[in-house]
Structure formats: C-alpha cells, structure tokens
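Now for the letters of each chain:
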Amino acid sequence: MTTNKDASLGQQALNKAAEIGLSSQLDEVEELEVDVQTDPLKVVQGQLDSVTIEGEGLVMNKDLRMEEMKMEMTGISINPLSAAFGKIELTKPTDASTRVVLTEADINRAFNSEFVGSKLQNMQVPVNGQPMTIDTKKVDFRLPGENKVALSANVLLGETGETKQIAFTAVPRIGANGQKVNLEDVEYTEGKELSPELTAALLEKASELLNLSNFDLQGMSLRIKQLNLESGKMTLLAEARVEQIPSG
C-alpha cells in the first residue's frame, strides 16, 4: 500500500531530478524550483496533473539572463517506468504557458557581451553615400515605457577615427512566426545623418537578442503570444512546445 509519505517522496524525487536537469543547461541560476502535482495512481497510469517550473536569475549562453521565468503545463503523459526511477520522460509532447521577464539591465548585458559586441565591429556600411568601416563601441538599451524601446550607441568612423552618437526609439512588435520581437517605427533623437544601414544593423542585432529561440532549453521551444512593456522591464508571454523535460 502506498502511503502519503511515499507519494510525497516520489514527487520530491521527480522535482529534484527535473531541477538538476534544467540547472545543468544553465550557466547561472539564482533560484529554480520544479513542482510536480499528481497522485501515485496516475503516475502508474503514466499521467501527471501538472508541472510548474519557476526560476529567477537564469543565465544561458553566458550573457542571456532572464530575471524571471515561469512555465506551467497540465495533462502530461509520461513513461511510468521512468517515473519509478525518479525521471520525467514524456511519451508525447505537451504545451505549456510561459512567462519570461527581461530587465533593461539584462538586455544591456547581452548587448555589450563579447558575443554580440564582436558582431558590431568592422561593419561595412555607407555613410553619406560613401562606404565606411564602422565600430560600435557601446550600446545603451532602455525601456522607457510608452510601448517603446530606446537605443543609443557610440560609433567610431573607421576612416577618420571620429566618434559619433546615434540614438533612436523604436516600437517592438511580435514577428509573424512568434519567434522574435521586431523593432519598427524608428524615430531618431540623435545621429539621423548617419547611415540608415547602421540603424538597420543595430535593429537587427536587437531583434536577434530578443529572439526567443535564444532562451529555448533542450526539448522546449517557445513562441511569443503577447509582449508587455513597462519602464525598465519587458514581459514576454509565450506558448512552449515541450517534447522533453530535462532530468538529472
């Protein structure tokens, strides 16, 4: 006979295995908790009622940080034999509702990381009709509210060594496939005389950073459904297709 204590220990084992598996895919974790809700009879039948994953300060790819992440899935089909050994093995994909919060500081950290920064060096773009090599020295990304983002950058013009500043605001919109956030409706606050191609390159890099596939964990893919902007914070509401929950 299975006691409540046994059931509790079984759920704790599943929780812990999933926490270890997810943590192993991340570079940094401030807090991560997996909560499996079900009863032993359903586990034997290969079912879990729900799995909730909540995390804070999750860093992947060295410099992509999520302030908060919450994923909730229900009606999950699992391999009962694997569950007996403390592992969640899905027998069919499941959908999950997901909430990701990115702060202004998180996005700036990613923008000025070595990975992204290297892509903003030695860019060949026309300035005033003349081809020029441009180095972007520092990007400042802001979330001022009013459904806008603000970008500014110091730009070193290769031929003259002169430093210019470019600054503009843009409106973020969800891309057609729900995979990334596109920045549109550019309004310059500084540096309009510089190359539109330079602005396009900065917008492209920003969109690449806000591509949700950057935040996919193994066995999970995200699709943005809604985007909410507040001062200093961006919240992405997404649907996740979960084919596997990593287990330790």
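The structure under discussion appears in the preceding block.
Bear in mind that the values here come from a model prediction, so they are computed numbers and not experimental data.

A. Main features of a negative patch on the surface. A surface patch of like charges, here negative, comprises Glu31, Glu33, Asp35, Glu54 and Glu56. Counting residues per element, the ones that place at least two in the negative patch are β1 (28–37) and β2 (47–60). By residue number, the principal contributor to the negative patch is β1, which donates three residues. Secondary-structure assignment places Asp35 in strand β1.

B. Representation of the pairing of β2 in the model. Among the 14 residues in β2, 10 count as buried, and that is most of the element. Pairing between β1 and β2: nine bridges, direction antiparallel. Note on β2: the bridge partner recorded for Val36 is Val51. In terms of strand pairing, β2 meets strand β3 (residues 64–77) through 12 bridges, oriented antiparallel. For Ser50, the partnering residue across the bridge sits in β3 and is Thr74. Counting the residues between successive antiparallel strands, the hairpin from β2 to β3 contains three residues, one of them, Asn61, with a positive phi of roughly 50°.

C. Representation of the nonpolar core in the model. Counting 69 residues, the largest nonpolar core has Ile53 and Met71 as the members making the most contacts within it. When residues no more than four places from it in sequence are discounted, the contact partners of Ile53 are Leu22, Leu32, Glu33, Val34, Met69, Lys70, Met71, Met73 and Met220.

D. Up close: the pattern of salt bridges. This model, assessed by the stated rule, comprises 17 salt bridges. Glu68 is paired through a salt bridge with Arg99; the nearest N and O atoms lie 3.1 Å apart. Linking Glu68 in strand β3 with Arg99 in strand β4 (residues 94–103), this pair joins segments that are 31 residues apart in sequence. Using a relative accessible area of 29% as the deciding quantity, one classes Glu68 as partly exposed. In this structure, a network of salt bridges that share partners links the residues Glu30, Arg65, Glu67 and Asp106.

E. The packing of helix α4 (residues 104–111) against helix α6 (residues 196–209), seen in detail. Closest axis-to-axis distance for the α4/α6 pair is 11 Å, and the angle between their directions is 115°. In this structure, α4 crosses over α6, and the sense of that crossing is right-handed. Contacts from Ile107, Ala110 and Phe111 of α4 reach α6 at Leu202, Lys205, Ala206 and Leu209. Class assignment of the residues belonging to the contact of α4 with α6 gives a composition of six nonpolar, no polar and one charged.

F. Region of interest: the sheet that holds strand β11 (residues 233–242). A sheet is described by the order of its strands in space; here six strands give the open sequence β1-β2-β3-β4-β11-β10, paired in antiparallel fashion. Of all strands in the sheet, those with a lone pairing partner are β1 and β10 (220–230), marking the two edges. Direction aside, neighbouring strands of the sheet carry axes that sit 15° apart on average. Sitting on the sheet, α4 is in contact with β1, β2, β3, β4 and β11, with an inclination near 85° to β4.

G. Main features of the packing of aromatic side chains. Applying the stated criterion across every chain yields a total of two aromatic pairs. Relative to Tyr188, the ring of Phe168 has its centre 6.1 Å away and its plane inclined at 70°; by these criteria the two rings are edge-to-face. Placement of the pair is Phe168 in strand β8 (residues 163–174) and Tyr188 in strand β9 (residues 181–190), with a sequence separation of 20 residues.

H. View of α4. Summarising burial for α4: six of the eight residues are buried, a large majority. Where α4 is concerned, the buried positions are Glu104, Asp106, Ile107, Asn108, Ala110 and Phe111.

I. Quick peek at unusual backbone geometry. If you check the backbone angles, Glu146 has positive phi at about 55° while not being a glycine. Mapped onto the fold, Glu146 is located in the loop between β6 (130–145) and β7 (148–157). A positive phi is found at Asp185, a non-glycine position, where the angle reads about 55°. Tracing the sequence through the fold places Asp185 in strand β9.

J. Region of the structure containing the environment of Val139. Its place among the elements puts Val139 in strand β6. With 13 residues separating them in the primary sequence, Val139 and Ser152 have C-alpha atoms 5.8 Å apart. Contacts of Val139, omitting those with residues within four sequence positions, involve Asn108, Phe111, Asn112, Leu120, Leu151, Ser152, Ala153 and Leu202.

Definitions and limits used
- Residues numbered from 1 in each chain as written.
- Predicted model: local features only at pLDDT ≥ 70, side-chain atom pairs only at ≥ 80, totals over all residues.
- Heavy atoms only, no water.
- Patch = residues over 30% accessible without salt bridge, like charges linked within 9 Å, V, L, I, M, F, W, Y side chains within 5 Å.
- Areas by Shrake-Rupley, 256 points an atom, 1.4 Å probe, with all protein chains shown as cover.
- Salt bridge = Lys/Arg side-chain N within 4 Å of Asp/Glu carboxyl O.
- Lys, Arg positive; Asp, Glu negative; His and termini not counted.
- Charge placed at Lys NZ, Arg CZ, Asp CG, Glu CD.
- Helix = DSSP H or I, 4+ residues; strand = E, 2+ residues; numbered from the N terminus.
- Buried < 20%, exposed > 50% of the residue type's maximum accessible area, 1.4 Å probe, protein only.
- Pairing = 2+ DSSP bridges.
- Core = buried A, V, L, I, M, F, W, Y, C linked by side-chain atoms within 4.5 Å.
- Contact = heavy atoms within 4.5 Å.
- Axes fitted to C-alpha atoms, helices over the stretch in contact; angles between N-to-C directions.
- Left-handed = near helix turned anticlockwise from the far one by under 90°.
- Nonpolar A, V, L, I, M, F, W, Y, C, P; charged D, E, K, R; others polar.
- Phe/Tyr/Trp six-rings, centres within 6.5 Å; stacked < 30°, edge-to-face > 60°.

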